[in-house]
Amino acid sequence: MSILLASALYACWAGLGIWPVRWLAGDRLSPGERLACAFAVGMTVMQYAIWGVGAVRYDAVSMAVLLAATGIAAVPGLIVLWRQCPRLVGLDDPVVVAVALLVMVLGVHGVIDGLAPPSDYDTLLYHLSLPRLDLELGRIALDPQRGDLEFFPQLNGMQARLMLALTGYAGAQVIQGLMAILAAAGSALLVLRMGGRSRTAWLAALFFLAVRTVVWESGSAMIDISLAAFGALVLMVVLAWSERPSVALAALGGVLLGGMMCAKYTAVLFALATAVALLPAMRGRRHLVPHLVIAAFVVLVVVLPYLLRNGLATGNPLFPMLGSRDAYASSEGFAASRLVLLFPDAVRALWKIFVSPNDGFDGQQFGAPYLLMFAPLAALCWRDIRGKAPVLTAFAVFYGLWVLFPFTFKQARFLFPLFPVMCALAAFGATALWDAVAPTRAFRFAFAAVVVVVAANQAAFISVYGLLRVPAALGRVAPETYLTTTPTFDHTHYDTCRWLETNLRPGERWLDLLDMPSFYCPQASRMDLAALGDGGPPPRWIAVVTAMERRGNAAAAPRLEAMLGSATRNPVLNKALSEEPAVFTGSRSAIYDAGTVFARRAAPDGRP
Amino acid sequence: MNMNNKSQRRAAFLGLGWIICVLVSYYAANLDYYRIKLATFAHIVPFLP
């Protein structure tokens, strides 16, 4: 049902989005490109429909009515799409068929992974817990008590809210699995727009879906994949505009860039990169300047509701960019991940993030370094690639901004908008190298040997995720077993949250001293230490993190590290907790009776 | 890709050299990572159905 309803949502996007895309793009885009853009434009429109309806009433009924109404409105568009259905290219080539099968397997794998109970850090922290808070409150609204995270733009968050109300967490995650397929299609369409063959295009799609962090995020509610999808489509439209400029096509680019900014503010940097990439095309063609002005205006209109909301609430339209109020955001640990990289570190980072990603970066996000291996080899077919100047300029400028700007994390996933370009160039490089080695048997053998090693390595990465997630996704493993016994899933606190759900009565609140908010816990009744003495009812229960599993030893053996009360940073409260018996003890956390703790050991504000 | 035989062999040689260089560098830099991963996987296996 979750996959069915998520597919219905995508159909709504396409059916709604095809009209503006047809109007703006005309015959400047191919049927496949128009379809891909229709998904993105429809998604951009749909977020505001969900927001508008949810601001009045947010529950399963209102979301079902909204989905049904948009489904009916999308029917004419879907009929048009059916009549002009783009065909898959190159399926008469056995190599393409083999690659297409792998693309299909990875695409389906990503979608099925989404059915597994959420275990991803940011998904638990806010991508699903904030929608759950709104669902419990009955309407979509800002709750500044939840900190900066509430103020991020919600392109994906709104779609997640719709699916959460209708299907629970599964649908909210499945839309990201489907988004990975759209981003893979965007990578392939970018290759075709750059003059690549169908074999190269399918390879780019495969390369995208095999990136390790793409596989991980496909089964979560994280939002970075949509940046890749929108980024690929923006560059595709930029190339189409460079070939045959039109005001309408520039406006379509603006809609896509605006939608991208509604997903994540990193897109502001991508918009700057795109603008710089277009400058060479403007040389000697001043009559095209209004196109860019109109595109920029459209971007502003699309993202305006978020700018107004945040501006009115905080005085800063781009909040929490350029002025976070979060104590953690100004901490040293946070700042360390926001380093500015200068020459030569900035150039060296391009090597290190693939080759030694555990040294200074966030680990093996790409897996085997096949993108670094093949992308530079696109130089072998340099003259055959069209539109490389704007694409490479956008790549270089975005990368430059990523390394230079102190408010962007130096994490691989913040490079998601560039993934389609990397995959396209790697696909060009791999096919060009194959063309070069094909005539010589020894070279063919060496090429095949390297490809087998890399493919086996990446397959191992992907298989581990599949082995862990698919049994839980298909109901072969109970959520409790999956979430409380799988290594590295410490943050879910599933058993403790379920206990709270059962034992918390209406009107009661609970004090959250877990290491981070968990999606599985009740949200509206949650309070943190800062809320003690806020005039509301005192907490009935206290949920406390008790241990974390560490594997940072030579044998990677699991070791539980006790950390009772580490989240309180309050020695008096910690002492009280350590002396009271827990009323429930979970795998990584426990529940205490708040009345007993505070009455015997500490005042409600934590003082003795 | 339009190349004559000589430039094609040169491209193949350079291309293979580059991908082998990247691959060897990657495994050299991540020996410990893979050793620990394999050990971790051995611990994960009992959790699988």
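Source: prediction; values computed, not measured.

*Asks:* Now, about the overall build of chain A: what can you tell me, with residues and values included?
*Replies:* Counting secondary structure elements, chain A contains 24 helices and seven strands. Its C-alpha radius of gyration of 25 Å places chain A within 12% of the 25 Å reference for a compact globule of 608 residues. In terms of principal-axis extent, the alpha carbons of chain A reach across some 80 × 55 × 45 Å. With 608 residues in all, chain A has 58% of them scored as buried. Taking all contacts inside chain A whose residues are at least 6 apart in sequence as the whole, residues at least 24 apart take part in 74%. Of the roughly 23900 Å² of accessible surface on chain A, 66% is carried by carbon and sulfur atoms. Taking the 47 positively charged and 38 negatively charged side chains of chain A as two groups, their mean positions are separated by 8 Å.

*Asks:* Before we move on, can you summarise the environment of Arg 22 of chain A with the specific residues and values?
*Replies:* All names here are of chain A. With respect to the element layout, Arg 22 can be found in helix α1 (residues 2-25). Arg 22 sits in the partly exposed class, given a relative accessible area of 31%. Separated by 16 residues in sequence, Arg 22 and Ala 38 place their C-alpha atoms 8.6 Å apart. If we ignore the near neighbours within four places in the chain, the residues touching Arg 22 are Arg 34, Val 80 and Gln 84. Polar side-chain contacts of Arg 22 include one of 3.5 Å to the side chain of Gln 84.

*Asks:* Can you explain the environment of Pro 320 of chain A? Please cite residues and give values.
*Replies:* All names here are of chain A. Looking at the element boundaries, Pro 320 is found in the loop between α14 (289-314) and α15 (332-336). Judged by relative accessible area, which is 12%, Pro 320 ranks as buried. Along the backbone, Pro 320 and Met 260 are 60 residues apart, and their C-alpha atoms lie at a distance of 17 Å. What Pro 320 contacts, discounting residues up to four positions off in sequence, is Asp 148, Phe 151 and Phe 152.

*Asks:* I'd like to hear about the pattern of salt bridges, residue by residue, with values.
*Replies:* Residue and element names in this part refer to chain A. Taken as a whole, this structure holds 24 salt bridges over all chains when the rule is applied. For Arg 505, the salt bridge identified is with Glu 508, shortest N-O distance 3.4 Å. By relative accessible area, Glu 508 is classed as buried at 17%. Members of the salt-bridge network, linked through shared partners, are Glu 33, Arg 193, Glu 243 and Arg 386.

*Asks:* Describe the packing of aromatic side chains, naming the residues involved and giving the relevant values.
*Replies:* Residue and element names in this part refer to chain A. Inspection of the entire model under this criterion finds 29 aromatic pairs over all chains. Grouped by ring-pair contacts, the aromatic residues Phe 207, Tyr 370, Phe 374, Trp 434 and Phe 447 constitute a single cluster. Sitting above the plane of the Trp 382 ring, Lys 388 keeps its charged end 5.6 Å from the centroid. For Arg 469, the ring lying beneath its charged end belongs to Trp 216, and the centroid distance is 4.0 Å.

*Asks:* Explain the packing of helix α19 (residues 419-437) of chain A against helix α20 (residues 441-473) of chain A residue by residue, including any values.
*Replies:* Residues and elements named next belong to chain A. As a packed pair, α19 and α20 sit with axes 8 Å apart at the nearest point and diverge in direction by 150°. It follows from the interaxial angle that α19 and α20 lie roughly antiparallel. Across from Ala 430, Leu 433, Trp 434 and Val 437 in α19, the residues of α20 making contact are Phe 443, Arg 444 and Phe 447.

*Asks:* Would you mind going over the state of the cysteines in detail, with residue names and values included?
*Replies:* Residue and element names in this part refer to chain A. Under the defined criterion, the tally for this structure stands at one disulfide over all chains. Across a sulfur-sulfur distance of 1.9 Å, Cys 497 and Cys 521 are joined as a disulfide pair. Where Cys 497 bonds to Cys 521 through sulfur, the torsion about that S-S bond is close to -75°, and the disulfide is left-handed. A residue pair is termed long-range when its members are at least 10 positions apart, and Cys 497 in helix α22 (residues 494-503) and Cys 521 in the loop between β1 (509-513) and β2 (526-527) qualify at 24 residues. The pair Cys 497 / Cys 521 is uniform in exposure class, with both members buried. Looking at Cys 12, it has no disulfide partner, and the nearest cysteine sulfur is the one in Cys 85, 17 Å off. For the unlinked cysteine Cys 85, the closest cysteine sulfur is that of Cys 37, found at 16 Å.

*Asks:* A description of the packing of helix α16 (residues 345-355) of chain A against helix α18 (residues 388-404) of chain A should follow, citing residues and the corresponding values.
*Replies:* Residues and elements named next belong to chain A. Where α16 meets α18, the axes come as close as 10 Å, and the angle between the chain directions of the two elements is 100°. Regarding the angle of α16 to α18, the classification is roughly perpendicular. Touching Ala 346, Ala 349, Leu 350 and Ile 353 of α16 are Tyr 399, Trp 402 and Val 403, all from α18. Classifying every residue of the contact of α16 with α18 by side-chain character gives seven nonpolar, no polar and no charged.

*Asks:* An account of the nonpolar core is requested, with residue identities and associated values reported.
*Replies:* Residues and elements named next belong to chain A. Phe 207, Phe 208, Leu 252, Leu 371 and Phe 374 are the most contacted members of the largest nonpolar core, which totals 203 residues. Apart from the residues within four sequence positions on either side, Phe 208 is in contact with Ala 180, Ala 183, Ala 184, Ser 187, Val 214, Ile 225, Ala 228, Phe 416, Phe 419 and Cys 423. Ranked by size, the runner-up nonpolar core spans 15 residues in total, among them Leu 511, Leu 573, Ala 576 and Ala 590.

*Asks:* How would you sum up the interface of chain B and chain A? Please name residues and give values.
*Replies:* In this assembly, 33 residues from chain B lie in contact with 49 residues from chain A. Roughly 3300 Å² is buried in total at the junction of chain B and chain A, and carbon and sulfur atoms are behind 72% of that figure. Summed over the shared surface of chain B and chain A, the result is zero salt bridges. Counting across the interface, chain B meets chain A through 10 residue pairs in polar contact (both at pLDDT 80 or more). Mapped onto the side of chain B that touches chain A, the elements with two or more residues apiece are α1 (5-29) and α2 (31-44) of chain B. A per-element tally of the side of chain B that touches chain A places α1 of chain B first, with 17 residues. Taken together, the residues that form the side of chain B that touches chain A break down as 23 nonpolar, seven polar and three charged.

About the thresholds
- Residues numbered from 1 in each chain as written.
- Chains lettered and ligands numbered in written order.
- Predicted model: local features only at pLDDT ≥ 70, side-chain atom pairs only at ≥ 80, totals over all residues.
- Heavy atoms only, no water.
- Helix = DSSP H or I, 4+ residues; strand = E, 2+ residues; numbered from the N terminus.
- Rg over C-alpha atoms; globule rule 2.2 N^0.38 Å.
- Buried < 20%, exposed > 50% of the residue type's maximum accessible area, 1.4 Å probe, protein only.
- Contact = heavy atoms within 4.5 Å.
- Areas by Shrake-Rupley, 256 points an atom, 1.4 Å probe, with all protein chains shown as cover.
- Lys, Arg positive; Asp, Glu negative; His and termini not counted.
- Charge placed at Lys NZ, Arg CZ, Asp CG, Glu CD.
- Polar contact = N/O pair within 3.5 Å; in protein donor to acceptor, adjacent residues only side chain to side chain.
- Salt bridge = Lys/Arg side-chain N within 4 Å of Asp/Glu carboxyl O.
- Phe/Tyr/Trp six-rings, centres within 6.5 Å; stacked < 30°, edge-to-face > 60°.
- Lys NZ or Arg CZ within 6 Å of the ring centre and 35° of its normal.
- Axes fitted to C-alpha atoms, helices over the stretch in contact; angles between N-to-C directions.
- Parallel < 35°, antiparallel > 145°, perpendicular 65-115°, else oblique.
- Disulfide = S-S within 2.5 Å.
- Nonpolar A, V, L, I, M, F, W, Y, C, P; charged D, E, K, R; others polar.
- Core = buried A, V, L, I, M, F, W, Y, C linked by side-chain atoms within 4.5 Å.
- Buried area = accessible area lost by both parts, 1.4 Å probe.

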